[in-house]
Amino acid sequence: MNILVILAVVVVMFGLRFLKPNALAWAAIWWIGVYLVFRYGVDPPMPTSILGMFMFIISLVLVAYVTAANDRIREVADTLIAFFVNPEYKVALGLTLVLLPLLVAFQVYSGMSGQPQAPLLARTIHPPPPGSISYQGKQIDLLTVHNPFRGLEQSDPTVFEAHVAGGRAVYYQNCVYCHGDNMEGDGFFAHGFNPIPANFQDPTTIAMLQESYLFWRIAKGAPGLPSESTPWLSAMPAWETFLSEEEIWEVILFIYDYTEQRPRVSEEVH
Amino acid sequence: MTTISVSAMTKKLVSAMTTLSVSAMILASTSMFVLVETVSAQNVDLGTEAQREAGRQIYELKCAHCHASDGAGDPVMSTLLRPAPRDFTASTFKFRTTASGELPSDEDIKQSIRNGMPYTAMPPWPSLSEKEVTNLMYFIKTFSTDFAGVFGEVVPLEMPDPPGMSDESITRGREVYVENQCADCHGDQGRGDGKSAPTLEDSWNYPIRAADLTKRWAFRGGSSRSDIFRTFTTGLDGSPMPSFDIQPEEDQWNLVDYVYSLSRDNAGYGTVVTAHTVSDPIDLSAGAASFDGIKPVLFPIVGQIIEPGRAFFPGVNAVEVRALVSPSTVSFMLQWNDMSADRAGKTGPSLPAPDREAEPDTSITYADAVAIQFPTDVSAGAEQPYFIFGDRKLSADIWFADLATSSATHYVGSGADRIEVSGPDLAMSATFDAGQWTVIFSRARTEENHAAFKEGTFVPIAFSVWDGFSRERGSRRGLTTWYYLYVDVAEKPSPVLPMMAWGFATLLLGLGTTFLVRRKFGNTESDRG
Amino acid sequence: MNTGVKIFLFVLAILAFYSYVGQMVPQKITYPPETAELAADMTTEELAVAGAEIVAGKGTCLGCHTIGSSDASLRFPDLGNIGAVAGSRIDGMSEIEYLAESLYDPDSYIVDRFLPGMPAIGKPPIGLTDDEILAVMAYLQSLGGTSTVTLATTHSFTGQGASGSDGAGATPSGGAAVALGAGLDGPGVFAAFLCGTCHTIDKPDRLVGPSLFDVGSRLSKAEIYEAVMDPDATLAEGYPGGVMPATLGASGFFQKVSPEEIRALVDYLASHTGE
Amino acid sequence: MKDLRLIKDYRQKPLPALLPVAIAILVTAFIAALVALPAAAIPQDAVANPEYRAFPVIGSRVAIWVVAQLHLMFAAFVLAVPMFAVIIEIIGMVTKDKRYDALAHEFTKLLSVSFSLTATLGALMVVMLVVLYPGVTQYMVSIFSWSFFPYILLFFLEAVFLYSYYYGWGKFSPKVHLSLGIALNIVGTAIMFIANAWLTFMNTPNGISETGALLSMADAMNNFIWMPINIHRMIANVAFGGSIAAAYGAYKYLGAKTQEEKAHYDWMGYVGNFISISALLPLPFAGYWLGKEIYAYSQSLGITLMGGTFSWLFIIQAVLIGNLFLAANYYLWVSMERIEGAERFRKFIKYLLASIAITYLVWATPHSLVATVEEARKMGGAHHPMLGVLGVMSAKNTAVNILILTTYISFLLYRRGNKEPTVSWVKAGNFAQLAIFIGAVAIVIFLGIFGYFVEAKVRIALSVPQVAVVLFTMISVTIIDIYLYRGARSRGKIKWGEMPARAQYVLFFIAVTFAWTMGLMGYVRAGMRQHWHVFGVMADTSPDAFTPTLGFASNVISVTVLIFFSFIAVVFWLTGLAGKKDWEPKEGALIPDGEHADEEVVR
């Protein structure tokens, strides 16, 4: 959030109330104001793709506003017509007719001579897991598999704690480099990877997933992602070569424990 | 009154210590101890029992896995981490506003917790509240009895506000740099390649590197001019970095300005390197001169913890890249800073490397090396091979330069364990100068071996760097994931025609609208107007 | 303009807009996962790669065999050098014939020092098809030797493998052909999951694992239960860990067996007291 | 106004006498040519019993896709119209207002042609299934063997009830006629339920063994998403049918000559739209239930749907739904222009609009954004720290609930347009309504924010109280409003027939958007099975086993919707014929030419 920009826009908009602009000017000013807020008022800046979509929606809404009332639409039409027809706007019209093509030409020019932008990346962050995976030659059915230690949380908290501690050791020897001390995906290797590692503190990551999903992603890593997740920029290793099944389940326990999240459990329905 | 006299005395001692060895330092502190013995320690703030207990709980949860529950630095992690986690029981702290050999102030400890140390395992802790940081600080002070004693009462040195910076101050700073023999460790150009750099060890006998002064963003103690000032006036206790008392005082800031001038504000890592078009084939013998005038792109290098030989702390942390294409060849210039040119020994992308070498066989040495990586088939679209030398489905081209033999080999990898020589179709040249490697690759642009590098396309590109000094070889190395190489268009289509066309079309549209509107409403409107 | 034409153009514009929105989001085609289908035109090398996957996966070979281990306490032959020695194990038997025989009819020739116990992998529960076995053979040849097998290769066992895998996906990959919750009795479970492959039950002979001839007198029911469900929890002396969990896991035992069936199995085993 | 005469009324333009014959000959010849050509155009089967046959040019998948979607759209329309026709008829009976009866009759006029088109398209689809996908079809038949007979039998009944309901208008006693309509609805719903069982089985198969053999047909029918789909479709049908009926009203309005006609069709468009939007309001809730059941059936299926490639499909859907709500509100606001006394509410519009804008933005924000590497670096990953928060379910649920409440307020304002309450407790009543609204919004937003701090299971469950609050608000406020405005004084009249043309185009916009949304939902329901005909049981081994891109799907949907509306145009035209005067030969000319006909009418 860039409060200053937002504040400035709000102040200007408030000031405009006293100027009583006509409907056309009003809509144009609102459009520009909202654009400024979206473009400069959000920190970090939102991607252009989203900005475009947002501004489209805003345009739609403003058009709806202007045309919703008969007198307002007439006001806009009159203003537009007057601009084209009335002699007093001759200079403004002439300027617009000259400047607009120049602006378009400039846009074309800068578009053609600008620095090349890397291709947009859109990958599926949470691809659906396969039904089953083979883990070190053993078939694991992801639909039914459960964390074998999860039950201990209720039945034997001491043993559970021991497993969490085991997971802690695994985490700090393997995962901390990328996922970070605070599990925010900000380990000291994180700046070298794109996309950056998952942020487990974000309630939209592990809290949305079942433990079996994490097992799959940990065991199979980036090479195990399905084709829909290409480009495989994920740097996540396939930990099945380093960690035992037990260690993976333990580190899953630890990740949930540290972030104070709960895994999603499959709901009993039907 | 007493406190002032102590600080004055300490200051004197400090100036004497710069020339003394570590043993002399201990001697000095003992003598200081004798001198200040009579001073009471009643002003030492150790916090309340509750605060320390609260700190301990945070410590157990967030710190103990590296620094150990007893504060001595976990032996397992300390072999993995470079630099090693601080041993709190030794009461030796690097970043202080207090004189060399003294304990840090409370604020110093809190600052270190808050800001962490960039490019080390110590992260910043913005998630901890001020209260939590304070409690943690109190708890950390319990690891050493020194904090409770007379030394606990510290007096921060006065840190003056930085004066203005000028070209003269930088020039003079360079002289100060030379006079004080900074180059012995930090190298002539400040790249951390001084002649004694490879031998440096910290107080616990772990190897330690002299800071690369050309990467200010990676300074452990912060990158502002005040931070630099503080670092060399107070020294970094526990490391070979002593404190310097440079006179006259202006020269202190001149030195700061020189160091500051060696690097830009931030790393500014890039994502796309553009291969610029030239008409003639690139002449390797011309060396770096061919790439004059091309803006380099810096890519971060991180460790590889996936394949056996995991490199948790690669010796190189960034590589600078430039690229050129001619109609028949494509060339890349890679530059990175290295403490020492390791020209003797073995290296190779598939040399086996163990995960951890407890007692490395020092009779075998390893040479520096570098590699560029492309997807073998760049037409495969969005799908890229796995960034560690490809996978079974999609292979990766590896352009490998062995800097011991100064030869380049072209490999094709379909997995880190399946790397095969593809051909000697690469040319390279390498030079090492003032702590910086410059390696130039050149290859023919041909269609049949997918090395066409079509104009106007984005080609995925990745890099690997091996630091022989850190015994890196095979999968043990620093690397990047995929970035992009943009192959510039030789003859850019002139924007004039489309510009004119669009502009003209807009003009026509405007005129047309005006005409239509006027024809339809003209009469009534003029009546109205 | 005619109202109808206007409406038509209006509708067209809306549709064009929504199509445009559809083009603006990421475009990705999701292909079905590649089945381990073996194509007739695969080269020997490709076949060997496919074979390696079968050996590690559906074939469950690595539950017992190792590749490239020189541990003296091996219970099954190490396969690290099989490609080099296969041709010379039995006089007058070609490499391909030998490999085929040891896969289709494992007990007919037992390497010195080892014990019989390997199941025929062309039959359930592993049930590899002829083509898949050829792929395994190509892979085995590549271990220390050169692969020559293609899918066109024939040998005297051709045609004895499991029936084709045309209903790709219809049968769960790997695992025994035992239906979930089939309600088997003790001997039924013992037979269905091929426990007899590694354990004798009617005589005190030792196969891969310890004989179960007298298990009822050695272990309590609870211990037997644990030995089945968590085989490595307590290991019989002289036996390495990891073999039984991997083998049972690969056959899908843990997923498929019902609590009732386990109870029946434990009762059945406990009834063998060596008398 | 001066160029009213210039508007040519195409309805009045007579057909050239021989046009139908010419069309019949041309189309027959074309089809005959198609059939005669197969030797060249259609590849002959190499094997005797192929699993698949390829449809020429566009491929089997697209062919069956388009036909199935068209069939579904017509079926939805045919099922929906009787539902609200009967309701309107009941209203007419209760209020004794003849207008309602006439309106219900007019709605049913659209039915008969649509019904036969539905049946034709259904037959085409079955034939295509048998020809193009013999393997799957055979398997489905083996599973649902006996259920096909009641389906066909119910179809007979449907025909009987439908035609007797339509032709029997005014011929039976009202009660008998009404019971015919109710019977028609029951039969229609039953038909849909049976067909739904077949297709939901393909998504979430049940009642079969691991090898795919049938264990219990009852279980196969009552699979995981059968009931959610039934409910979802029933509501969606009404919304869709209402929008098509409204479009019919708009079409007639635009062509209307007299003020009376205009008033009537203005009203018809309004009622159609009212029905459509009323049904739209609970639709998201039904959708969430459906999604939940899918997730419960299989995590893999659920993630494919919500987190995988299809997550982008829901961004497209968000644009569609956002447009629908915006257009619906817009229509109401424009409608208020023709209500005397409604000007006093005009100042609220911009706040309603702001609420819609914000909720629309939240509703359309994707979770993982399309960004360049630089942008992603600035954001620190694929998730924007601010926008990422708006991309998750808690935010979406909150947004849609508020969107619904906003639309409801628009309705409320419209309802009050020309009325002035006369009861003594006006202030208290208004205050109570306002308090309920503020409370509801507060609770919805609180639950939305609270959702970020609890585990997934609780979070999903939170949508229930959110919905409950919204439903409670709508019901309680409506009840208060009814009493509040009992015996209200009129501030002026509603000038039916004085709607600007743009409002009528908005009705078309809503209808097209609804149809497109339906097409999109059809695609995602079929697509989430991915490379399975029957998920997890019968793999799709056809060349079309991959899931096409969303762009391709969008194009197919657009074409399908275009074909649908072309058919609908025919339906409208044919329905319009019924209201025309009988043809009479004119003096001196056997076939009157266009100009004359125009003058005739104007005169």
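The structure this text deals with has already been given above.
Residues numbered from 1 in each chain as written. Chains lettered and ligands numbered in written order. Predicted model: local features only at pLDDT ≥ 70, side-chain atom pairs only at ≥ 80, totals over all residues. Heavy atoms only, no water.

1. Examining the overall build of chain B
Summing up its helical and strand segments, chain B has eleven helices and 14 strands in all. Looking at the 529 residues of chain B, the share that counts as buried comes to 50%. Counting contacts in chain B only where the partners sit at least 6 residues apart, residues at least 24 apart contribute 67% of the total. Of the roughly 23900 Å² that chain B leaves accessible, carbon and sulfur atoms contribute 57%. (Helix = DSSP H or I, 4+ residues; strand = E, 2+ residues; numbered from the N terminus. Buried < 20%, exposed > 50% of the residue type's maximum accessible area, 1.4 Å probe, protein only. Contact = heavy atoms within 4.5 Å. Areas by Shrake-Rupley, 256 points an atom, 1.4 Å probe, with all protein chains shown as cover.)

2. A word on the interface of chain C and chain D
Between chain C and chain D, the residue contacts involve 31 residues of the former and 36 residues of the latter. Taken together, both faces of the contact between chain C and chain D bury some 3000 Å²; the carbon and sulfur share is 70%. Contact with chain D buries surface across chain C, with Leu15, Tyr18 and Thr30 of chain C losing the most and accounting together for 21% of the total. Here chain C is connected to chain D by zero salt bridges. Scanning the region where chain C abuts chain D turns up seven residue pairs in polar contact (both at pLDDT 80 or more). (Buried area = accessible area lost by both parts, 1.4 Å probe. Salt bridge = Lys/Arg side-chain N within 4 Å of Asp/Glu carboxyl O. Polar contact = N/O pair within 3.5 Å; in protein donor to acceptor, adjacent residues only side chain to side chain.)

3. What about the environment of Leu507 of chain D?
Residue and element names in this part refer to chain D. Turning to its location among the elements, Leu507 is positioned in helix 20 (residues 501-527). A relative accessible area of 1% means that Leu507 is categorised as buried. Sequence-wise, Leu507 and Ala246 are 261 residues apart; in three dimensions their C-alpha atoms are separated by 6.3 Å.

4. Some points on the interface of chain D and chain A
Between chain D and chain A, the residue contacts involve 62 residues of the former and 56 residues of the latter. Between chain D and chain A, the buried area comes to about 5400 Å², and carbon and sulfur atoms account for 66% of it. Per-residue buried area on chain D facing chain A is highest for Gln299, Leu361 and Val370 of chain D; these three make up 11% of the total on that side. Taken together, the connections running from chain D to chain A amount to one salt bridge. Linking Arg346 of chain D and Asp71 of chain A is a salt bridge whose minimum nitrogen-to-oxygen distance equals 2.8 Å.

5. As for the side chain of Thr398 of chain D
All names here are of chain D. Relative to the assigned elements, Thr398 resides in helix 17 (residues 393-416). By relative accessible area, Thr398 is classed as buried at 12%. At 2.6 Å, the side chain of Thr398 forms a polar contact with the backbone oxygen of Ser394. Apart from the residues within four sequence positions on either side, Thr398 is in contact with Val444, Ile445, Gly448 and Gln466.

6. Points about empty space enclosed by the protein
Residue and element names in this part refer to chain B. Applying the stated criterion across every chain, the model contains ten cavities of 30 Å³ or more. Its volume calculated, the largest cavity comes out at about 540 Å³. What lines the largest cavity is a set of 31 residues, among which His67, Arg86, Phe88, Met117 and Met122 lie closest to the centre. Elements represented by at least two residues in the lining of the largest cavity include exactly helix 3 (49-67), helix 5 (106-115) and helix 6 (130-140). The biggest single contributor to the lining of the largest cavity is helix 3, with six residues. A breakdown of the residues in the lining of the largest cavity according to their chemical character gives 21 nonpolar, four polar and six charged. (1 Å grid on protein atoms, 1.4 Å probe; cavity = no way out; pocket = protein on both sides within 12 Å on 5 of 7 lines; lining within 4 Å. Points joined across faces, edges and corners; volume = space filled by probe spheres on them. Nonpolar A, V, L, I, M, F, W, Y, C, P; charged D, E, K, R; others polar.)

7. Re the packing of aromatic side chains
Throughout the structure, instances matching the rule amount to 84 aromatic pairs over all chains. With 5.9 Å between their ring centres and 85 degrees between their planes, Phe458 of chain B and Tyr484 of chain B make a pair best called edge-to-face. Residue Phe458 of chain B is found in strand 12 (residues 458-466), and its partner Tyr484 of chain B is found in strand 14 (residues 483-487); the two are separated by 26 residues along the sequence. For Phe458 of chain B, a relative accessible area of 24% corresponds to the partly exposed category. A ring pair is formed by Phe84 of chain D and Phe107 of chain D, whose centres lie 5.2 Å apart and whose planes are at 80 degrees; its orientation type is edge-to-face. Remark: Phe107 of chain D occurs in helix 4 (residues 98-132) and Phe84 of chain D occurs in helix 3 (residues 59-95); sequence separation between them is 23 residues. Sitting over the ring of Trp267 of chain D, Arg99 of chain D keeps its end group 4.1 Å from the ring centre. (Phe/Tyr/Trp six-rings, centres within 6.5 Å; stacked < 30°, edge-to-face > 60°. Lys NZ or Arg CZ within 6 Å of the ring centre and 35° of its normal.)

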